[in-house]
Amino acid sequence: MILSTSDKIEGREMVETIGIVRGNAARARGVGYDITAGVRNFFGGAVPEYTKLMTETRDEATANMIQSAEAAGADAIVAVRYSTSTIASGVSEILAFGTAVKLR
């Protein structure tokens, strides 16, 4: 599956627009993350525990979007975007979405 943040795939012709596909994933941070992040917050600097958590969540949302596109018979997803939101205290969702297309 080819993914692109632009609206085309260079060197390939789009022959059919299938439609919007999406994938989402939600994760809750754990007490261990909060304690470690709290210490890092006190001293300042990066919080790799949260970076890892959000990276894993984004990867899961992307995989879910790709699965949706494959089920629809797509060869690529163009105009890929990500959005994040807070569902509840300590729970975040990442939504991956784009337009599934067939290529020649």
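Refer to the structure presented above.
What you see as residue numbers is a count from 1 along each chain, following the sequence as written. Selection of residues for local features in this predicted model requires a pLDDT of at least 70, selection of side-chain atom pairs for listing and counting requires 80 or more, and totals for whole chains, interfaces and linings are taken over all residues. Where side-chain values are given, they derive from all heavy atoms of the structure, hydrogens and water being excluded.

**Q** In this structure, what is going on with the side chain of Ser-4? I would like to understand it.
**A** Numbering of helices and strands runs from the N terminus, with a helix taken as a DSSP run of H or I at least four residues long and a strand as a DSSP run of E at least two residues long. With respect to the element layout, Ser-4 can be found in the loop between strand 1 (2-3) and strand 2 (14-28). Contact definition: two residues touch when any of their heavy atoms are within 4.5 Å. Filtering out sequence-adjacent residues up to four positions away, Ser-4 remains in contact with Ile-9, Ile-77, Val-78, Ala-79 and Val-80.

**Q** Can you walk me through unusual backbone geometry in this structure?
**A** Trans is the prevailing form of peptide bonds, just as negative phi is the prevailing case for residues other than glycine. For Ala-79, which is not a glycine, the phi torsion comes out positive at approximately 55 degrees. Positionally, Ala-79 belongs in strand 3 (residues 76-88).

**Q** Sorry if this is basic, but what is going on with the sheet that holds strand 3 here?
**A** Backbone-to-backbone hydrogen bonds join strands into a sheet, with any given pair of strands oriented parallel or antiparallel. Each pair of strands is called paired provided DSSP finds at least two bridges between the two strands. Overall, mixed pairing links the four strands, which are arranged 1-3-4-2 in an open sheet. The sheet is open, and its two borders are formed by strand 1 and strand 2, each paired with just one other strand. The sheet contact formed by strand 2 and strand 4 (residues 91-103) spans 13 bridges and is antiparallel. Opposite Thr-17, over in strand 4, you have Val-101 as the bridge partner. Relative to strand 2, helix 2 (residues 48-71) is tilted by about 145 degrees, and along the sheet it contacts strand 1, strand 2, strand 3 and strand 4. Helix axes are fitted to C-alpha atoms over the stretch in contact, other axes to C-alpha atoms as well, and angles between N-to-C directions run from 0 to 180 degrees.

**Q** Sorry, what's going on with the side chain of Thr-62 here?
**A** Topologically, Thr-62 is positioned in helix 2. Judged by its relative accessible area of 11%, Thr-62 falls in the buried class. As used in this structure description, the phrase polar contact means that two N or O atoms lie within 3.5 Å; if the pair is within protein, one of them must be able to donate a hydrogen and the other to accept it, and residues adjacent in sequence are counted only when both atoms belong to side chains. Only 2.7 Å separates the side chain of Thr-62 from the side chain of Tyr-82, close enough to count as a polar contact. Look past the residues within four positions of Thr-62 in its chain and what remains in contact with it is Leu-3, Tyr-82 and Ala-96. Burial classes follow relative accessibility: with a 1.4 Å probe on protein chains only, a residue under 20% of its type's maximum area counts as buried, one over 50% as exposed, and anything between as partly exposed.

**Q** Help me understand the environment of Thr-99, please; the structure alone is not making it clear to me.
**A** By the element assignment, Thr-99 lies in strand 4. For Thr-99, a relative accessible area of 23% puts it in the partly exposed group. Along the chain, Thr-99 and Ile-77 lie 22 residues apart, while their C-alpha atoms are 5.3 Å from each other.

**Q** Is there a simple way to think about the nonpolar core in this case?
**A** The nonpolar side chains of soluble globular proteins are, as a tendency, buried together. Put simply, buried Ala, Val, Leu, Ile, Met, Phe, Trp, Tyr and Cys residues joined by side-chain atoms within 4.5 Å make one nonpolar core. In terms of nonpolar packing, the biggest core is built from twelve residues, these being Val-21, Ala-25, Ala-61, Met-65, Ile-66, Ala-69, Ala-74, Ile-77, Val-80, Ile-94, Ala-96 and Ala-100. Here this core gets four residues from one element, more than from any other, and that element is helix 2. Leave out the neighbours within four places in its chain, and Ala-25 touches Thr-57, Glu-60, Ala-61, Ser-92, Glu-93 and Ile-94. Within the second largest apolar cluster, five residues are counted, among which are Ile-9, Ala-76, Val-78 and Leu-103.

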